[in-house]
Amino acid sequence: MNGFNPFNIGLYLISSINIFDENNQFKLSHNLKANNQYILLLTTTVPNQTGNFTIIASGPDYIQFI
């Protein structure tokens, strides 16, 4: 599939999470296919909420963020 349609994000959904630990942290874990490009879309439950976050990715080979 080429491109990204922001008006139909359910079309691309691989995983979602709605469970947080006592520190309001969550872990999203999913096995992805090699040589595919993925778009990570993060949202909040509160409109206009902003803040810092960290993305940690691991795997058996090189991971490139574009």
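None of the values given here were measured: they were computed from a predicted structure. (Residues numbered from 1 in each chain as written. Predicted model: local features only at pLDDT ≥ 70, side-chain atom pairs only at ≥ 80, totals over all residues. Heavy atoms only, no water.)

1. A short note on the overall build of the protein
Across its full length, the protein carries zero helices and zero strands. For the protein, the C-alpha radius of gyration of 14 Å lies well beyond 11 Å, the compact-globule estimate for 66 residues. Along the first, second and third principal axes, the C-alpha set of the protein runs to 35 × 30 × 20 Å. Each of the 66 residues in the protein was classed as buried or not, and the buried ones make up 0%. Taken as a whole, the protein presents about 7100 Å² of accessible surface, with 51% of it coming from carbon and sulfur. (Helix = DSSP H or I, 4+ residues; strand = E, 2+ residues; numbered from the N terminus. Rg over C-alpha atoms; globule rule 2.2 N^0.38 Å. Buried < 20%, exposed > 50% of the residue type's maximum accessible area, 1.4 Å probe, protein only. Areas by Shrake-Rupley, 256 points an atom, 1.4 Å probe, with all protein chains shown as cover.)

2. Some remarks on the environment of Y38
For Y38, a relative accessible area of 35% gives the class partly exposed. Separated by 35 residues in sequence, Y38 and G3 place their C-alpha atoms 11 Å apart. Those residues in contact with Y38 that lie beyond four places of it in its chain are I14, L32 and K33. Reaching out from Y38, the side chain makes a polar contact with the backbone nitrogen of K33 at a distance of 3.0 Å. (Contact = heavy atoms within 4.5 Å. Polar contact = N/O pair within 3.5 Å; in protein donor to acceptor, adjacent residues only side chain to side chain.)

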